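# Survey of secondary and tertiary structure
Below, each chain spelled out in residue letters.
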Amino acid sequence: MKSWPQVYIPPIDGSFDFPQLRLFNTASGSIEELPRKNLYQMYVCGITPYDATHLGHAATYITFDLINRFLRASGARVDFVQNITDIDDPLFERAKRDKVDWSELATSQIELFRGDMVDLHIIPPKDYIGVLEAIPMIVDSISKIRESAPTYSVDSDLYFDVHSDSKFGKRSHLSKEEMLEIFAQRGGDPARVGKRDPLDALLWLNQRDDEPGWDSPFGKGRPGWHIECSAIAMHYLDQDVDKQYSIDIQGGGSDLIFPHHEMSASQSKAMSGKEFARSYVHTGMIGLDGEKMSKSKGNLLFVSKMVNEGVSPMAIRLALISQHYSHDRMWTQSLLDDAVVLLEKLTIALSREEVAPTKPVISKIIAALSNNLDTSGALDLLSKWSDKTLEGSIGGEAGELSRAIDALLGIAI
Ligand code: ZN
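Residues numbered from 1 in each chain as written. Predicted model: local features only at pLDDT ≥ 70, side-chain atom pairs only at ≥ 80, totals over all residues. Heavy atoms only, no water.

### Focus: the overall build of the protein
When its secondary structure is counted, the protein shows 13 helices and 14 strands. At 22 Å, the protein has a C-alpha radius of gyration in line with the 22 Å of a compact globule built from 413 residues. Dimensions along the principal axes, computed over C-alpha positions, put the protein at roughly 75 × 50 × 40 Å. Partitioning the contacts of the protein with sequence separation of at least 6, the portion at a separation of at least 24 is 79%. When the accessible surface of the protein is split by element, carbon and sulfur atoms take 50% of a total near 17,200 Å². Treating the 43 positive side-chain charges of the protein as one cloud and the 59 negative ones as another, the clouds have centres 3 Å apart. (Helix = DSSP H or I, 4+ residues; strand = E, 2+ residues; numbered from the N terminus. Rg over C-alpha atoms; globule rule 2.2 N^0.38 Å. Contact = heavy atoms within 4.5 Å. Areas by Shrake-Rupley, 256 points an atom, 1.4 Å probe, with all protein chains shown as cover. Lys, Arg positive; Asp, Glu negative; His and termini not counted. Charge placed at Lys NZ, Arg CZ, Asp CG, Glu CD.)

### Topic: the domain arrangement of the protein
Assigned domains of the protein: these are domain 1 (22-287) and domain 2 (310-409). The straight-line distance from the C-alpha centre of domain 1 to that of domain 2 is 33 Å. Facing the 27 residues of domain 1 at the interface are 24 residues of domain 2. When domain 1 packs against domain 2, close to 2,200 Å² is buried across both sides, 64% of that on carbon and sulfur atoms. For domain 1, the biggest contributors to the area lost against domain 2 are Leu55, Leu66 and Phe70; these three give 26% of the whole. Counting across the domain 1 and domain 2 interface gives one salt bridge. Where arginine 317 meets aspartate 65, a salt bridge forms, and the shortest distance between an N and an O atom there is 2.8 Å. Our count for the contact surface shared by domain 1 and domain 2 stands at 14 residue pairs in polar contact (both at pLDDT 80 or more). Among the elements of the structure, β1 (22-25), α1 (55-73), β11 (275-283) and β12 (286-288) are those that each provide at least two residues to the side of domain 1 that touches domain 2. (Domains from an automatic or database assignment. Buried area = accessible area lost by both parts, 1.4 Å probe. Salt bridge = Lys/Arg side-chain N within 4 Å of Asp/Glu carboxyl O. Polar contact = N/O pair within 3.5 Å; in protein donor to acceptor, adjacent residues only side chain to side chain.)

### Quick look at the pairing of β1
Burial along β1 is one-sided: Leu23 and Asn25 are buried, and none of Arg22 and Phe24, which face the opposite way, are. Direction of pairing for β1 relative to strand β2 (residues 30-33): antiparallel, over a ladder of four bridges. The residue of β2 that forms the bridge with asparagine 25 is serine 30. Where β1 hands over to β2, the hairpin turn is made up of four residues, of which glycine 29 adopts a positive phi near 75 degrees. (Buried < 20%, exposed > 50% of the residue type's maximum accessible area, 1.4 Å probe, protein only. Pairing = 2+ DSSP bridges.)

### A few points about the coordination of the zinc ion
The coordination sphere of the zinc ion, as far as protein atoms go, consists of Cys45 (SG), Cys229 (SG) and His260 (NE2), spread over 2.0 to 2.1 Å. When the donors of the zinc ion are listed by position in the chain, the intervening gaps give C-x183-C-x30-H. Separated by 31 residues along the polypeptide, cysteine 229 in helix α6 (residues 225-236) and histidine 260 in helix α7 (residues 257-272) bring together distant segments of the chain. When its relative accessible area of 1% is taken as the criterion, cysteine 229 is described as buried. (Donors = N, O, S within 2.8 Å, 3.2 Å for Na, K, Ca; no water.)

### Remarks on the pairing of β11
Looking along a regular strand, one sees the side chains alternate between the two faces of the sheet. Judged by how many residues are buried, β11 sits mostly within the fold: nine of nine residues are covered. Pairing of strand β10 (residues 245-253) with β11, which is carried by seven bridges, proceeds in the parallel orientation. Within the sheet, the bridge partner assigned to glycine 251 lies in β11 and is valine 281. With α7 bridging β10 and the parallel β11, this β-α-β connection has right-handed handedness. (Right-handed = clockwise from strand over helix to strand, strands pointing away.)

### Concerning the sheet that holds strand β3 (residues 39-44)
Reading across from one edge, β5-β4-β3-β10-β11 is the order of the five strands in this open sheet, with parallel pairing throughout. The open sheet terminates on both sides in strands that have one partner only, identified here as β5 (127-130) and β11. Averaged over all neighbouring strand pairs, the angle between strand axes comes to 25 degrees, with direction disregarded. Packed on one face of the sheet, α7 meets β10 and β11 and runs near 165 degrees to β11. (Axes fitted to C-alpha atoms, helices over the stretch in contact; angles between N-to-C directions.)

### A word on the pattern of salt bridges
Under the defined criterion, the tally for this structure stands at 29 salt bridges. Between lysine 269 and aspartate 165 there is a salt bridge, and its shortest N-O distance comes to 2.8 Å. Taken as a pair, lysine 269 in helix α7 and aspartate 165 in the loop between β7 (157-160) and α5 (176-185) lie far apart in primary sequence, 104 residues in all. Of the residues examined, aspartate 165 reaches a relative accessible area of 6% and is grouped as buried. A salt bridge links lysine 195 to aspartate 189; the shortest N-O distance between them is 2.6 Å.

### Some points on the environment of histidine 282
Relative to the elements of secondary structure, histidine 282 occurs in strand β11. Once the C-alpha coordinates of histidine 282 and serine 383 are considered, the two residues, 101 residues apart in sequence, prove to be 27 Å apart. In this structure histidine 282 touches Thr26, Gly252, Gly253, Ser254, Ile257, His261, Tyr325 and Ser326, once residues within four positions along its chain are discounted.

### Some remarks on the nonpolar core
The biggest cluster of nonpolar side chains holds 77 residues, and the ones touching the most others in it are Ile67 and Trp331. With 10 residues, α1 is the single largest residue contributor to this core. Residues within four places of tryptophan 331 in sequence aside, it is in contact with Leu55, Ile286, Gly287, Leu288, Asp289, Met293, Leu301, Met306, Ile316, Ala319, Leu320 and Leu336. Formed by 52 residues, the second largest nonpolar core is a distinct cluster that contains Ile129, Met137, Ile227 and Met234. (Core = buried A, V, L, I, M, F, W, Y, C linked by side-chain atoms within 4.5 Å.)

Below, the structure is given as structure tokens:
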């Protein structure tokens, strides 16, 4: 699948010291320092293209973009891969409801998503891969799993024994009862008769009436959700660079902690023998005016619609990073208004010929971001720097700060 156009990233003066990035790892339950490496491999779960980018998606992809930007600015290479779940129940259901062709619906929403990512200044993945194009590698991955771990069929549908991974459940820290409940809510089938364990993961679904199917050694059908990400991540990211982990960062919203990331990790481990990710990083959910934002409530705010109505994508980005990425947080008009005010103040300050010292503020922004992406701390520093500049403080170089804000925060002024 075509990725979106490259985003320009201005260079940062090499004299700045970059502390190692520290991130909260859901699996360990603590903030951990990433080891210093020349190459980081990051996989971020993509959208199911039945709806365009809502603010929750935007917040998630901006967060991993900040990680990408920080690591690159520190001198490392980041190989970033993202999928598109373009074969999935919600997509088929929406297409049926709206009486449109599911692949045409997916194509139109992916196009919209690409445009939103460009508007929000998200660095594109090196590989942006749809399930549709990944079927051969997913089939290969399932065959590999079948050689090394127990799998079984229920009415021609193929399942993976999740407990063959001794670490199953230890990344998400949930009790069996909690796992069963969440699994049922998020597309799982714990009540299906014939499963050896209610939590076992679907690898391959035999073709159903009115649904597309692809040939495979396990019959004509389509892949389960979790295997798609295991297969795409392990195919497009180098599996030979690290003895202990398949990739460095597995990312997504906190609604993917279980079952998706847990099951993907167990399946990947069955293939490689290695733990899937060094760090499992999750972003909080975005609510609207005190309520959970969800498709069932019909209160989703879409980036493309907001931009069409005249909201600046940079203000959306700034508003979404004004609170910590890991917290569930509310979107309100005042959050956006505050972002617009800060953006204007910063633009006025940066356009002055004489500005307050810039090197110290850049160093402090780098330090704040290295601390589990303290973006609100970084924005505070920028607000104070703008105030000082507008009060007449001098000694800095506006271009240097402007480039740093763009390179590190993805805010182009
Ligand atoms: Zn995924």
